[in-house]
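Residue-level listing of the chains:
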Amino acid sequence: MPKVGMPEIRKPQLINATMQAIDSVGLQKASVVMISSYAGVSPAIINHYFGGKSGLLEATMRSILKQLSDGVRSRLQEAGPDDVIARIQAIVGGNFSPDQLDSKVVKTWLAFWSQSMHDDMLFRLQRVNEKRLISHLTLELKKVLPPEKATFVAQGIAALIDGIWLRGALSPQGINAELAQRMITDYLEHQLS
């Protein structure tokens, strides 16, 4: 008989172990056996809770996306409701927060993006994340811009976030959150002027 409360303990352990394994050897070499050894559990537990490596990657990305969403929401609560620039900066800041820039999270994001081109569920997760970002940005920008222009600028900011993030992730220096925020704020101010 399974112990009560074990999924609440094991699932986060396995999600963290997945990110550690991806950080160490990449997604392709991060086997179920390796991930389970990082978590200190039997490989069968991964199949039991997630149905295999693919399900575990999905759960890992759901966890990272929830962390991202919670971070953005928290930052938006601190920004004034009518300060569009501060609210956009809050959204951008959430995407470049320290927890999102942790090495194992960055490498998991890269593995996710690569794998999402070949996995329908991961592709859907990516689309939800993309739509959420555009929606947040457009909602704020419509306060000061006509709808078409707001959508255009939102897509530009989203492209800057993704481009700066990807370029930094692949750079030996890593992602420079402060520079990203300055570049995107500069773009935003030019679009609003």
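Residues numbered from 1 in each chain as written. Predicted model: local features only at pLDDT ≥ 70, side-chain atom pairs only at ≥ 80, totals over all residues. Heavy atoms only, no water.

Trainee: Is there a simple way to explain helix α2 (residues 32–39) in this structure?
Mentor: Since one α-helical turn is 3.6 residues long, residues separated by three or four positions face the same way. Where α2 is concerned, the buried positions are Ile35, Ser36 and Ala39. What you see down the axis of α2 is that its buried residues fit within an arc of 95 degrees, all on one side. Among the exposed residues of α2, those oriented more than 90 degrees off its buried face are Val33 and Ser37. Just beyond α2, the residue with positive phi is Gly40, at close to 75 degrees. (Buried < 20%, exposed > 50% of the residue type's maximum accessible area, 1.4 Å probe, protein only. Helix = DSSP H or I, 4+ residues; strand = E, 2+ residues; numbered from the N terminus. Arc of directions from axis to C-beta.)

Trainee: Whenever I open this one, the packing of helix α4 (residues 53–78) against helix α5 (residues 84–95) confuses me. Can you help?
Mentor: The relative placement of two packed helices comes down to the angle between their axes together with the axis-to-axis distance. Their axes nearest at 8 Å, the elements α4 and α5 cross at an angle of 150 degrees. Of the possible angle classes, the one that applies to α4 and α5 is roughly antiparallel. Crossing of α4 against α5: the hand is right-handed. From α4, Leu68, Val72, Arg75 and Leu76 reach across to α5, where they touch Arg87, Ala90, Ile91, Gly93, Gly94 and Asn95. For the contact of α4 with α5, the class distribution of residues is five nonpolar, three polar and two charged. (Axes fitted to C-alpha atoms, helices over the stretch in contact; angles between N-to-C directions. Parallel < 35°, antiparallel > 145°, perpendicular 65-115°, else oblique. Left-handed = near helix turned anticlockwise from the far one by under 90°. Contact = heavy atoms within 4.5 Å. Nonpolar A, V, L, I, M, F, W, Y, C, P; charged D, E, K, R; others polar.)

Trainee: It is not clear to me how the side chain of Gln126 should be interpreted in this structure. Could you clarify?
Mentor: Summarising the element assignment, Gln126 is placed in helix α7 (residues 120–141). Ignoring any residue separated from it by four or fewer positions in sequence, one finds Gln126 in contact with Trp109, Phe112, Trp113 and Ser116.

Trainee: Is there a simple way to explain empty space enclosed by the protein in this structure?
Mentor: Gaps left between atoms are located by rolling a probe of water-molecule size over the structure's atoms. For the structure on display, the rule yields one cavity of 30 Å³ or more. Taken as a whole, the largest cavity holds about 110 Å³ of empty space. Every residue along the wall of the largest cavity is listed here: Leu65, Leu68, Ser69, Val72, Ile91, Asn95, Asn129, Arg132, Leu133 and His136. Put simply, the parts of the chain that give the lining of the largest cavity at least two residues each are α4, α5 and α7. Each residue belonging to the lining of the largest cavity can be placed in one class, and the counts come to five nonpolar, four polar and one charged. (1 Å grid on protein atoms, 1.4 Å probe; cavity = no way out; pocket = protein on both sides within 12 Å on 5 of 7 lines; lining within 4 Å. Points joined across faces, edges and corners; volume = space filled by probe spheres on them.)

Trainee: Before we go on, may I ask you to explain the environment of Met121 in this structure?
Mentor: Along the polypeptide, Met121 turns up in helix α7. When its relative accessible area of 27% is taken as the criterion, Met121 is described as partly exposed. Spatially, the C-alpha atoms of Met121 and Ser54 are 9.4 Å apart, while their sequence positions differ by 67 residues. When near neighbours in sequence (up to four residues on either side) are disregarded, Met121 contacts Glu58 and Arg62.

Trainee: Honestly, the UniProt feature "DNA-binding region" (unreviewed entry) in the chain in this entry has me stumped. Any pointers?
Mentor: Under the UniProt annotation, the feature "DNA-binding region" (unreviewed entry) is placed at residues 31–50. Secondary structure over residues 31–50 splits into 80% helix and 0% strand, and the C-alpha atoms at its two ends are 14 Å apart. (UniProt positions renumbered as here; feature names shortened; annotations may be inferred.)

Trainee: I would appreciate a short explanation of the pattern of salt bridges in the present structure.
Mentor: Pairing is possible between side chains of opposite charge, provided their charged atoms come close. Counted under the stated rule, the structure contains eight salt bridges. The partner of Glu140 in a salt bridge is Arg87, and the shortest N-O contact between them spans 2.9 Å. Taken as a pair, Glu140 in helix α7 and Arg87 in helix α5 lie far apart in primary sequence, 53 residues in all. Each member of the pair Glu140 and Arg87 is classed as buried. The closest approach of N and O atoms between Glu178 and Arg182, which form a salt bridge, is 3.4 Å. Of this pair, Glu178 and Arg182 both sit in helix α9 (residues 177–192), four residues apart, which is roughly one turn of the helix. There is no split in this pair, since Glu178 and Arg182 are both exposed. When salt bridges with common partners are traced through the structure, they connect Lys66, Asp70 and Arg73 into a single cluster. (Salt bridge = Lys/Arg side-chain N within 4 Å of Asp/Glu carboxyl O.)

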